[in-house]
Amino acid sequence: MTLKLYDTYRRSLCDFEPITPGKVGIYACGPTVYDYAHIGNLRTYVFEDILRRVLEFKGFSVEHVVNITDMGHLTSDGDTGEDKMEKGSRKAGESAWDIAERFTDAFKSDLNNLNILEPTTWCRATDHIPEQIADIGKIEAKGFTYKTSDGIYFDTSKLDSYGYLARLDKEGLAEGARVDVGEKHSLTDFALWKFSPMDDQRQMEWESPWGVGFPGWHIECSAMAVKYLGEKFDIHCGGKDHIPVHHSNEIAQSEVCHGTTLANFWLHGYFLETDSSKMSKSSGEFLRVQTLVDREYDPLAYRYLCLTAHYRSDLKFTWESLDSASIALGRLRSAFYSWDDASDVDPDFLMRFSEQVERDLNTATALAVVWEMAKSDLDSSVRKATLLEMDRVLGLDLANWEPIVETIPEEILLLVESRRLARQEKNWPLADDLRDQIVGAGYELDDSAAGTSVRRKG
Ligand code: AMP
Ligand code: ZN
């Protein structure tokens, strides 16, 4: 079956064919490393991981590029406000370079805990300043820029196709705009280069043909994507919030620089929402993978929860839904563990599973096939082989799971053995004393005809 993916640009489900047979290039917008990632951000990376795994499952070799935004992302999409990195640095009392490194490491560890495959290429915005300056130069040479007192801006009114990705109603926006656009010519214009303030020394700034400053956020992604994947590659993805601004601007820059829309497919993950509002790092209170671990959840239970919803629908997060995902994952793990060693795959179940994931990554319906297969009367060795194949896409790491076997400390085992001997010798006072010691140390004894078992009190 041909893989079908929903392309936001065409607003339809399209058959996926790579530009180069057998090979797929994916660019996924990475984190802005001024703070930890919240589990909402990570839902987007789980979706992108499923995309990559499905492509690999189908036999493609995937070049997966993820950037680290370590500068230039302002607190407002309208190119005003502070640079998030400088703000994060002040909040943490560390240099912007240090927080970038610390939160990049934390992000990579989150990905690892969620069994998200490591991208084939990581690229940092601050390592690609010359590439960004070169692209801004091209846009300027083609007459699509203007200068204000705080930077060089892209003039969106000069590009007829501007905003097609988001189906932006440009006239409506212009008429309805009561907001102050400052020196910008129109609301949708965006910064390519921002000047460092005269009265302030920024931690992150570079020389450029336009003066000392730093690149706008959007140019980093299009410049790095082209460097690693070419002027037109297969798939560009990110969260749905990127459709109206960040990705619309990336496309505009690429149309002017290279005459392309940058990617053949634009895929967007919908949001994880909490009861009251969507997750927001700026609110200061947000759920991290570590928050889940602190509450004794396995991070893969969160991954399972993400798989229960289609990536193109918002998912409401509740602790009850995480509990259900945790129970389901536990059942799947124990079943898988109890089955005989893997033998042959069942082709019918595997085909039904593939049909679901190849229909725009429908993991929710694919999970229904998984459960039907797991409960079927196929030989358990066949079920194990089939589930192993399915797990190449699900990424639940079933093969490496083992039940936690309780280890009883040596001194407790010695007390249990002494009690056994005391009972054999009918020395009841000593046996009772030993029992008290064992119970006092936090263990329970269970005497039966087969002998005595001991376990930690639950
Ligand atoms: P940021 O670090 O803010 O640049 O965001 C990293 C990624 O997370 C981007 O692809 C965003 O679109 C995505 N994202 C942000 N908030 C959410 C959310 N609540 N649910 C899912 N994805 C999100
Ligand atoms: Zn991006």
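Residues numbered from 1 in each chain as written. Chains lettered and ligands numbered in written order. Predicted model: local features only at pLDDT ≥ 70, side-chain atom pairs only at ≥ 80, totals over all residues. Heavy atoms only, no water.

Moving on to the site of ligand 1. Among the 17 residues in the neighbourhood of ligand 1, the closest are listed as Gly40, Thr44, Gly239, Asp241 and Leu272. Here an oxygen atom of ligand 1 sits 3.1 Å away from a polar atom, N or O, in the main chain of Gly239. One nitrogen or oxygen atom from the main chain of Leu272 is found 3.0 Å from a nitrogen atom belonging to ligand 1. Within the complex, the protein chains bury 93% of what would otherwise be the 500 Å² of accessible surface of ligand 1. Here the element with the most residues in the shell around ligand 1 is helix α1 (residues 39-57); it accounts for four residues. For the shell around ligand 1, the class distribution of residues is six nonpolar, nine polar and two charged. (Near = heavy atom within 4 Å. Polar contact = N/O pair within 3.5 Å; in protein donor to acceptor, adjacent residues only side chain to side chain. Areas by Shrake-Rupley, 256 points an atom, 1.4 Å probe, with all protein chains shown as cover. Helix = DSSP H or I, 4+ residues; strand = E, 2+ residues; numbered from the N terminus. Nonpolar A, V, L, I, M, F, W, Y, C, P; charged D, E, K, R; others polar.)

Moving on, we come to empty space enclosed by the protein. In the structure shown here, the tally under the stated rule is five cavities of 30 Å³ or more. Space inside the largest cavity adds up to approximately 130 Å³. Along its surface, the largest cavity is lined by 13 residues, and Val46, Phe47, Cys306, Ala309 and Tyr311 are the ones closest to its centre. Sorting the residues of the lining of the largest cavity by element identifies α1 and α9 (299-307) as the ones contributing at least two each. When residues in the lining of the largest cavity are grouped by element, the largest group, five residues, is from α1. Residues belonging to the lining of the largest cavity are distributed by class as follows: nine nonpolar, three polar and one charged. No fewer than three residues from each of domain 1 (4-269) and domain 2 (277-400) sit in the lining of the largest cavity. Considering only enclosed or pocket space, the second largest cavity measures out at about 70 Å³ in volume. (1 Å grid on protein atoms, 1.4 Å probe; cavity = no way out; pocket = protein on both sides within 12 Å on 5 of 7 lines; lining within 4 Å. Points joined across faces, edges and corners; volume = space filled by probe spheres on them. Domains from an automatic or database assignment.)

Summarising the metal site, the zinc ion (ligand 2) is bound by the protein donors Cys29 (SG), Cys221 (SG) and His246 (NE2), whose distances to it range over 2.0 to 2.2 Å. Ordering the donors of the zinc ion (ligand 2) by residue number gives the pattern C-x191-C-x24-H. With Cys29 in the loop between β3 (23-28) and α1 and His246 in helix α7 (residues 246-258), this residue pair connects regions lying 217 residues apart in the sequence. By relative accessible area, Cys29 is classed as buried at 6%. (Donors = N, O, S within 2.8 Å, 3.2 Å for Na, K, Ca; no water. Buried < 20%, exposed > 50% of the residue type's maximum accessible area, 1.4 Å probe, protein only.)

Bringing the domain arrangement of the protein chain into the picture now. Split into domains, the protein chain comes out as domain 1 (4-269), domain 2 (277-400) and domain 3 (410-456). Of note, the centres of domain 2 and domain 3, computed from C-alpha atoms alone, are 42 Å apart.

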